[in-house]
Amino acid sequence: MPAEPRPSGIVALAGGVGGAKLAAGLQAVVGAGLTVVVNTGDDFELHGLTIWPDHDTVAYTLAGLEDREQGWGLRDETWHVMGALDRLGGETWFRLGDRDLATHLLRSGRLARGDRATEVALALQAAHGVGPQILPMSDEPVRTEVRTDDGWLTFQDYFVRLRQAPAVREIRFRGIDDARPSAEVGAAIRAAEAIVVCPSNPFVSIGPILALPGIREAIAARRAAGARVVAVSPIVAGRALKGPADRMLQSLGHDPSALGVARLYAGIADVLVVDHADTDLAAAIRSAGIEPLVADTVMTDDASRARLAATVVDASRAATTSRAAARA
Ligand code: FO1
């Protein structure tokens, strides 16, 4: 049974750390009126467990339990299991903390019993005391893979084991053709007042969500009905604040700048929020077909998260109002 859609609000599309920070700001501004749709392309199986890194990063962050220094995992974590696993000769390149492991155990057991991913996610969020809904983008598994000069790699092999060192030449989402947005994701988009594209990697965090069959059409239908889409650039002054987005833009043949991001999101988003450091790109961004909005986009604490979130919400409402006025 699909979970009840929440009353209309903000739907945020997010990957891991950058997405989680803006989601936390949006939570501070709109409370439970927020629904986060998370990328599941980073999900994978290890030690017989199903790991959902982006879901858990967002869930721990919205619950206020996250390790802020790392960006992922739980604060004040202990690592006894990893130490024991290492002594047994097990794989420890992907570090699972002792308490974080409880999340993976519970989830893996429920999925093995045949429970739907969305139901499992919502139950975990309730147990962690998360207010907003965090919806896996799909109930069907999707797995991101990247092609490097040495061939195709699974996403976490590339991202964590190889520390994003190889240049990425191509990206594919295994399972995407058989995956669909979940019923809950569809309902949230249909009810959205505004859709926010978080400052996550456009290729491997937002890319899998937008690659789901039917989701671009669902977003376009909501835009046609008056909801605005506001994206936030994950690139500031040509550099990704975290992760390999700048290098991916370059190696995949795009401009490694907020303008490159604008060209990827033109046709999807109405507004692109860029940092003050990129003010000089505003005219080119507008020419690319997306309205630039210059703001402080670097989120270093709760106050800067909430400030950026308020800017995004205001931008979505201003755009809605001006579009409604134009239609009248
Ligand atoms: N990222 C790392 O760089 N190293 C890790 O060992 C690691 C473990 C990990 C465990 C649970 C979890 O939910 C996330 C974890 N991450 C780790 C983060 C994660 O894999 C990536 O940041 C995302 O997939 C990219 O969004």
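Just above sits the structure.
Residues numbered from 1 in each chain as written. Predicted model: local features only at pLDDT ≥ 70, side-chain atom pairs only at ≥ 80, totals over all residues. Heavy atoms only, no water.

(A) Quick peek at the site of the ligand. Near the ligand you find 15 residues, and of these Asp42, Asp54, Phe94, Arg95 and Gln156 are the closest. Within the contact set of the ligand, an oxygen atom lies 2.9 Å away from a side-chain nitrogen or oxygen of Asp54. In the complex, 88% of the free accessible area of the ligand, which totals 540 Å², lies under the protein chains. Here the ligand occupies the largest pocket. (Near = heavy atom within 4 Å. Polar contact = N/O pair within 3.5 Å; in protein donor to acceptor, adjacent residues only side chain to side chain. Areas by Shrake-Rupley, 256 points an atom, 1.4 Å probe, with all protein chains shown as cover. 1 Å grid on protein atoms, 1.4 Å probe; cavity = no way out; pocket = protein on both sides within 12 Å on 5 of 7 lines; lining within 4 Å. Sits in = over half its atoms within 2 Å of the grid points.)

(B) Here's a closer look at the nonpolar core. Ranked by size, the top nonpolar core spans 47 residues in total, and within it Val11, Leu13, Ile195, Ile219, Tyr265, Leu272 and Ile285 carry the most contacts. In terms of residues, this core owes the most to one element, helix H11 (residues 258-265), which gives five residues. In contact with Ile195, other than residues within four places in its own chain, are Val11, Leu13, Ile189, Ile219, Arg222, Arg228, Val229 and Val230. (Core = buried A, V, L, I, M, F, W, Y, C linked by side-chain atoms within 4.5 Å. Buried < 20%, exposed > 50% of the residue type's maximum accessible area, 1.4 Å probe, protein only. Helix = DSSP H or I, 4+ residues; strand = E, 2+ residues; numbered from the N terminus. Contact = heavy atoms within 4.5 Å.)

(C) The packing of aromatic side chains, seen in detail. For the coordinates displayed, the defined rule picks out five aromatic pairs. One Lys or Arg, Arg95, reaches over the ring of Trp79 and ends 4.7 Å from the middle of that ring. Looking at Arg172, its charged tip hangs above the ring of Trp152, at a distance of 3.8 Å from the centre. (Phe/Tyr/Trp six-rings, centres within 6.5 Å; stacked < 30°, edge-to-face > 60°. Lys NZ or Arg CZ within 6 Å of the ring centre and 35° of its normal.)

(D) How the structure looks around the pairing of strand S13 (residues 271-275). In terms of burial, S13 is largely enclosed, as five of its five residues are buried. The side-chain alternation of S13 yields two buried faces, one formed by Val271, Val273 and Asp275 and the other by Leu272 and Val274. As paired elements, strand S10 (residues 228-232) and S13 share three bridges and run parallel to each other. Across the sheet, Ala231 pairs through a bridge with Leu272, a residue of S13. Bridging between S13 and strand S14 (residues 291-295) involves five bridges; their strand directions are parallel. Counted as the bridge partner of Val271 is Glu291 from S14. (Pairing = 2+ DSSP bridges.)

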